[in-house]
Amino acid sequence: MEARTKMETFVITGMTCANCSARIEKELNDQPGVVSATVNLATEKATVKYQETTADQLIKCVETIGYGAILYDEAHKQKIAEEKQAYLKKMKFDLIISMILTLPLMLSMIAMLLGSHAGIVYFFHRPIVQLILALPVQFYVGWRFYKGAYHALKTKAPNMDVLVAIGTTAAFMLSIYNGFFSSHSHDLYFESSSMIIALILLGKYLEHTAKSKTGAAIKQLMSLQMKTAQVLKNGEEKTVPIDEVEVEDILVIRPGEQVPTDGRIITGSTAIDESMLTGESVPVEKKENDVIFGGTINTNGLLQMQVLQVGKQTVLAQIIQMVENAQGSKAPIQKIADKISGIFVPIVLIIAFLTLVITGVLTKDWQLALIHSVSVLVIACPCALGLATPTAIMVGTGVGAKNGMLIKGGEALEAAAHLNSVILDKTGTITKGLPEVTDIIGSEDTLALFYSLEYASEHPLGKAIVAYGEEKGISAFPVTDFKAHPGAGISGQINDTFYFIGTRKRLIEMNVSFDEFQEQALELEQAGKTVMFLASEERVLGMIAVADQIKTDAKEAIVKLQQQGIEVFMVTGDNKLAAQAIGQQVGIDPAHIFAEVLPEDKAKYVEQLQKEGKKVGMVGDGINDAPALALADVGIAMGSGTDIAMETADVTLMNSHLTSIYQTITLSAVTLKKIKQNLFWAFIYNTIGLPFAALGYLNPIIAGGAMAFSSVSVLLNSLSLSRKKLR
C-alpha cells in the first residue's frame, strides 16, 4: 500500500540571498521520503510534500545547515509572528548602533578629504579611536554575516554572507595592519568595513519592511476572519469565540456586521457585500435559504443563519490557503535566476581573487588591489536575483485575489500570459446556466395553462415557466390526473379537458397537428431557444420558448479577448443551429464553434488545439468540464460552478464574470513583465558593476550601498503592481 503524501509549510529563518534558499531547497529534496520541496526567499517559507518522514526530521535537517524552520500551522502562527517581530526589532537596533558608530568615521574621512585640519578630525582619524568605533560594528553587528558564512562554507554552498564577511574582514584587518604595524598609519579603511555592514543591514531592513507589504493581500484576507460570533441558544444570544462555533449552530447577524462563517439564512433578508470574495462592489440580494459566506458584510437586514462550515472548511479559509500556496510557488522563469544564483558566488570569489592578483602584480600596490577585490566581493551579492520573481508573484496573486481571481500558483500566472486560444463552455459560462421564458405564443390562457401543469413538474424548464408565472402573478387552475412522461413531457386534466406539454417529436408521435405554429417554432429554434408546445388531444393551442440567457458581459469579454489577439472557441452539447445562434450573438466565428459535443469529449477539443501548437485556456463550471480544465495549459473555473471544477482548475473566477478572463490574462502579462524587468535589472546591475569594481571605479562603500539598494529597487518595482487597475 502506497504511503499517503502529506504537504506542510515551514517558515524559514536566517536566509539572506537566493543561494540560501537554493541550499535549503536542495537539502530538503535530498531527504529520504521527500517528494518535492520549494523554498521561497520572498515569503521566507518552504513547502514540502513528503511521505516517509516527519515534520520534526525536516526541521532538524534545515537546522543542521545553519538555518531555522518552524512549522506553519495554527499552533505556531503566534510564535512565528513574535519571532519575526523580534528579529525585525533586533535588526533595527543593530542598524541604529552601526549608524551611530560609523557616522563619526565617515564624517572624519570626508572632512579630511576636504582639507579640514580641525582637532576633532584628527582625533577621530587616530587608529585606536577608529578601531574602538569599528570593532562592535564588525564583530557584534556583523556577526550575522560570519555565522551565515560559516554554515555556507561548511555545506560547500557559498552565499552572500561569505562575500560580505570576506570583504569587510579584509578591509578591517588591512586597517589594523596599517594603523598599528606599518608606516601607512593614515591608510585606514575602518569606515569602509563599517559602512558596508551598515548599508547592507539598512538594505536588509528596508527589504524586510517592503516584503511585509507584498503580503498585504493575505493580511487583508486574514483580517476578515471574525474572532467572535453571536450564537442563539434557547432563545438567548451569547457571544462566543469563533473557534467554539459548530455546524448547525444558529447565529445572529445585525446590519453592518461581518458574517462570522459560512451558513444558510433561516430568517430575514438583506444585501450582502461580497467584494472581498468576488471583487464586485455592488451588494448581492440574499433571502431565506440563500447561502452566505464568512467575511462578507451584512449591509442592512437582521439575519439568523444556520452554520454550514467552520474553520478551515469555510470559503474564506480556503481562499487564504490558496493565495498563500500561490505566493509560495515558483514560476518556470525563476529557474533561470536559481541556476545563475547557484553558480554566481563561486564565480565572484574567483573574480575577486583574480582582481587581487592582477591589480597587485600590475600596480605593485597590494593595498589598492585588496580594496578593488573588496569592492568586487561586495557589489556582486545576488540578493536582487533571488527576489526578482517571488516578490512579483506575491503581489500579482494578491492583486488577483482582491479582484476575485484566485490564481493557484506562479506556473499558472506565467502560463496565462502566453495563452493564444480560449475555449468557453456554453452553459454556465457564456450563459447564466438558468433557463428563462423568452416568448409566449397562443391565447390569453396559454401562460396560465402552462403554469398550472408545470407547477408539479421537477424539470428545469418547467421550473423556469413556474418562476415566470409567479413573477406575473398568475393563478393556477386545479389539475387532475397529472403525469410526467420522461424525455417527452407532462400531461393532466384541467376542467375535464386533457392537455399535454411536450416536444415537437412527441406531438408528431401523437398525430397532433401544429401547422399554424410550425414557422414560428422553427424561427425560435434557429435563435437557439427550446420550444415547448401546449396541446389538447386534437391540436396545438400554444407554445412557450425558453432559453438560457447570455450573460450581460459575454460579448464585451469575447471582443476584448479577440482584440488581445486570442482566438475564442465555444464548446456545447447543443445542436448546431442553437449553438450557431448563441455564437452569433456574442461574436464567435462559426468555424470556432464545437456543437453536439458529449460531456466526456470536451477534453478532445483542448487536445486538438494543442496539437495545432496553440496555448489553450479552458473555461468551464461543471463536473463534466473537469477533464478539459485539467488538460488545458490554463484551466479557468467559474466560482458559481462545482467544487470539482474549481479544484481541477488553475484559476477560479469568484465573480463568474467573463470579463475576468481578460483581466486574468492582463494581470498575468503585467506580472510577467515585472518579473522580466526585475531579472533584467538584477542581471545588468551585476554585469555592469563587477568590471567597474574590478577596475577600481567603485569605492567599497558605494559598492555596498548599491548592492543593498538593488534589492530594495526590485521590491519597489514589484510593489508597483499593486496599483494596477484591472477594471
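Residues numbered from 1 in each chain as written. Predicted model: local features only at pLDDT ≥ 70, side-chain atom pairs only at ≥ 80, totals over all residues. Heavy atoms only, no water.

Caption draft 1: Representation of the environment of A682 within the structure. Mapped onto the elements of the fold, A682 is located in helix α26 (residues 659-694). A C-alpha to C-alpha distance of 20 Å links A682 and E414, two positions 268 residues apart in sequence. Leaving out residues up to four positions away in the same chain, A682 has contacts with A384 and L385. (Helix = DSSP H or I, 4+ residues; strand = E, 2+ residues; numbered from the N terminus. Contact = heavy atoms within 4.5 Å.)

Caption draft 2: Structural view of the packing of helix α6 (residues 143-154) against helix α7 (residues 160-181). Contact geometry of α6 with α7 gives a least axis separation of 8 Å together with a crossing angle of 125°. By the angle class used here, α6 and α7 are oblique. The handedness of the crossing between α6 and α7 is left-handed. Along its contact with α6, which presents R144, F145, Y146, G148, A149, A152 and L153, the element α7 presents M160, D161, V162, V164, A165 and T169. Among the residues making up the contact of α6 with α7, the classes are represented as 9 nonpolar, 2 polar and 2 charged. (Axes fitted to C-alpha atoms, helices over the stretch in contact; angles between N-to-C directions. Parallel < 35°, antiparallel > 145°, perpendicular 65-115°, else oblique. Left-handed = near helix turned anticlockwise from the far one by under 90°. Nonpolar A, V, L, I, M, F, W, Y, C, P; charged D, E, K, R; others polar.)

Caption draft 3: Representation of the UniProt feature "domain: HMA" (unreviewed entry) in the protein in the model. The residues that UniProt annotates with the feature "domain: HMA" (unreviewed entry) are residues 6-70. As annotated, residues 6-70 has a helix share of 34% and a strand share of 37%, and its two end C-alpha atoms lie 16 Å apart. (UniProt positions renumbered as here; feature names shortened; annotations may be inferred.)

Caption draft 4: Here's a closer look at the environment of Q230. Take Q230: it is sitting in strand β5 (residues 228-233). Along the backbone, Q230 and R254 are 24 residues apart, and their C-alpha atoms lie at a distance of 9.6 Å. Looking at Q230, its side chain comes within polar contact range of the side chain of E237, at 3.2 Å. One polar contact links Q230 to T239, side chain to side chain, over a distance of 2.4 Å. (Polar contact = N/O pair within 3.5 Å; in protein donor to acceptor, adjacent residues only side chain to side chain.)

Caption draft 5: Spatial organisation of the pairing of strand β24 (residues 616-620). The buried fraction of β24 is high, at 5 of 5 residues. In β24, alternate side chains face the same way, and those of V616, M618 and G620 on one face and G617 and V619 on the other are all buried. Bridge count for strand β15 (residues 421-425) against β24 is 4 bridges, and the pairing is parallel. Each residue of the ladder has a partner; that of L424, found in β24, is V619. (Buried < 20%, exposed > 50% of the residue type's maximum accessible area, 1.4 Å probe, protein only. Pairing = 2+ DSSP bridges.)

Caption draft 6: Layout of helix α17 (residues 446-454). Among the 9 residues in α17, 9 count as buried, and that is most of the element. Buried residues of α17: T446, L447, A448, L449, F450, Y451, S452, L453 and E454, and no others.

Caption draft 7: Main features of the UniProt feature "transmembrane region" (unreviewed entry) in the protein. In this numbering, the UniProt entry assigns the feature "transmembrane region" (unreviewed entry) to residues 93-114, 120-141, 162-182, 188-206, 340-362, 368-388, 678-695 and 701-721. The span residues 188-206 shows a helical share of 89% and a strand share of 0%, and its end C-alpha atoms are spaced 29 Å apart. The distance separating the terminal C-alpha atoms of residues 678-695 is 26 Å; by composition the span is 94% helix and 0% strand.

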